[in-house]
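What the coordinates show
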Amino acid sequence: MDIATMTTAWLTPQERFGWWHDMTASTLIPTAMGSDRAADFDASARVLNLGDVQVSDMAYPMLTVTRTPRLIQRSDPGYVQLSLTLSGNMGLTQFRRHTLLGAGDLAVYSSSEPFDGWASPEGAAPVRQLLLHLPRAALPLTGRQVDRLAATRIPSGEGFASLLSQFLTHVARHPRQFAPQDAPRLSTTLVDLLAHTIAQRLDAMSALPPESRERALLLRVQEFIRRHLPDPGLTPAAVAAAHHMSPRSLHRLFQRHGLTVASWIRHQRLERCRRDLVNPRLAGRPIQATAATWGFSRPGDFTRAFRSAYGVSPSEYRNWSF
C-alpha cells in the first residue's frame, strides 16, 4: 500500500507554513492559504494513494483556503473532494452556498469552481480532517448532480453517509491492514459509497448503474449484519427480511461476490470473539460469555467453529495470548 507520512516537525518554524502550502498544492488542489499560526505551523498528514483515489488524514491549526478563478484557469485537474470533519469547526463556500461543519459532518466540493474554506480548532487540539480526493469522471453521476450538493452539510449519522464515514475512517486509520492488491477494491468501494451518498441526498438513486447499486447493497447488508451480530436469531432469512428481499436473492448477492451469507456471519462473530479473548480488560470474562455476547448460543458449536477457523480451542488461544 502506497502510504506517505508528512509533518512540519522536521522544519524550522519559519519554513513550516510555506512547506505545507506547497505540499497540499501538489498533493491535493492548489489554493491560496492563510493562517494566524503561519509563524509556527504545526501540522501533519498521512496520504494513502489508491490509484486515482486518494485518502488523506490531516491535522493542522487555524487555516483559510481559497480556490480562485486564476488558479482554476492555470490548472484544473477536474477533481471532487469529500471532507469529513473529525474535530474542530469548518466552513465552506461554493456556488454561493455557505455551510458550517462540525465533527462528523461531510461536505463535497469541486476543483473546477471557486471556493473558500476555513478551519478552526476547538481548544488546544488541532483540526482533524479526512479528505477523499478523486477525479470527477470516476463518479457515475453527472457534474451537475455533484455540483447540486457542493458546499452543503451532509450529516454522517444515517443512510449511505454513515457507511461512507465509517469506511473512510477505518481505511484512513488502519491502512496497514490492507495489502497493495487491495487498492482497486478500496477505491471502488469508496467511489460507490460517495456516489450513493450524493444520489441518496438528491433522491436520484435510479441514476446509478446497476453494478454500483449492487455493490452498495452488499455493503449495506454487511453493515446490518455487523450491527446485529449479538442477536442469536441473526439468520440469512432474518437478514433478507430486514432488506425486503427473498433469501434466494440474498444468497445470490453474496455468491456473485464469492461469499456465502452464513459463513460471512460466522466469520464476523468469530473475529469479534477472537479479539475479546485477547483483550486484557476482558480477561476475567468466561469464554462461554464471550461466545454468547456475539451470538453463539451453544458453547460446543462455538468451540468447534473456533478450532476450525484458528487451529486451536478458544481457551488455548487465550492462554497463549497472555
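Fair warning: this is a prediction, and the values are worked out from it, not measured in the lab.

Here is what the cut-offs are and how they apply
Residues numbered from 1 in each chain as written. Predicted model: local features only at pLDDT ≥ 70, side-chain atom pairs only at ≥ 80, totals over all residues. Heavy atoms only, no water. Helix = DSSP H or I, 4+ residues; strand = E, 2+ residues; numbered from the N terminus. Buried < 20%, exposed > 50% of the residue type's maximum accessible area, 1.4 Å probe, protein only. Contact = heavy atoms within 4.5 Å. Areas by Shrake-Rupley, 256 points an atom, 1.4 Å probe, with all protein chains shown as cover. Lys, Arg positive; Asp, Glu negative; His and termini not counted. Charge placed at Lys NZ, Arg CZ, Asp CG, Glu CD. Pairing = 2+ DSSP bridges. Phe/Tyr/Trp six-rings, centres within 6.5 Å; stacked < 30°, edge-to-face > 60°. Axes fitted to C-alpha atoms, helices over the stretch in contact; angles between N-to-C directions. Parallel < 35°, antiparallel > 145°, perpendicular 65-115°, else oblique. Nonpolar A, V, L, I, M, F, W, Y, C, P; charged D, E, K, R; others polar.

1. Concerning the overall build of the protein
- Per the secondary structure count, the protein includes 12 helices and 12 strands.
- Once the C-alpha set of the protein is aligned to its principal axes, its extents read approximately 70 × 50 × 35 Å.
- Buried residues in the protein amount to 48% of all 322 residues.
- Taking the intrachain contacts of the protein between residues at least 6 apart in sequence as the baseline, contacts between residues at least 24 apart amount to 70%.
- Roughly 15,900 Å² of accessible area belongs to the protein as shown, and the carbon and sulfur atoms make up 51% of that amount.
- Of the side-chain charges in the protein, 36 are positive and 26 negative, and the distance between the mean point of each set is 7 Å.

2. Observations regarding the pairing of strand 5 (residues 63-67)
- Residues Leu63, Val65 and Arg67 line the buried face of strand 5, whereas the alternating positions Thr64 and Thr66 sit on a face that is not buried.
- Strand direction decides the pairing type here: strand 5 and strand 10 (residues 115-120), joined by five bridges, are antiparallel. Looking across to strand 10, one finds that Thr66 is bridged to Asp116.

3. Digging into the packing of aromatic side chains
- Scanning all chains against the criterion turns up 11 aromatic pairs.
- Between Trp20 and Phe41 the ring centres are 6.0 Å apart and the planes differ by 50 degrees, which places this aromatic pair in the tilted class. Remark: Phe41 occurs in the loop between strand 2 (32-34) and strand 3 (44-49) and Trp20 occurs in helix 1 (residues 13-27); sequence separation between them is 21 residues. For the pair formed by Trp20 and Phe41, the shared burial category is buried.
- Chaining the aromatic ring pairs together yields one cluster made of Phe296, Phe302, Phe306, Tyr310 and Tyr317.

4. Here's the deal with unusual backbone geometry
- Despite not being glycine, Arg96 shows a phi value in the positive range, around 60 degrees.
- Tracing the sequence through the fold places Arg96 in the loop between strand 7 (89-94) and strand 8 (97-101).
- Positive phi, normally seen in glycine, also occurs at Ala151, with a value near 55 degrees.
- Locating Ala151 in the fold gives a position in the loop between helix 3 (143-149) and strand 12 (154-155).

5. Remarks on the packing of helix 4 (residues 159-173) against helix 6 (residues 210-227)
- Interaxial distance between helix 4 and helix 6 falls to 11 Å at its minimum, and their mutual angle equals 80 degrees. Between helix 4 and helix 6, the crossing angle belongs to the class labelled roughly perpendicular. In this structure, helix 4 contributes Phe160, Leu163 and Gln166 to the contact, and helix 6 contributes Ala216, Leu219, Arg220 and Glu223.
- Residues that form the contact of helix 4 with helix 6 fall into these classes: four nonpolar, one polar and two charged.

6. Some points on the environment of Leu48
- Positionally, Leu48 belongs in strand 3.
- Its relative accessible area of 4% is what places Leu48 among the buried residues.

7. Comments concerning the pairing of strand 10
- Burial along strand 10 is one-sided: the face carrying Phe115, Gly117 and Ala119 is buried and the face carrying Asp116, Trp118 and Ser120 is not.
- In the sheet, strand 7 pairs with strand 10 via six bridges, with the strands oriented antiparallel. Bridging from a neighbouring strand, Gln94 pairs with Phe115 of strand 10.

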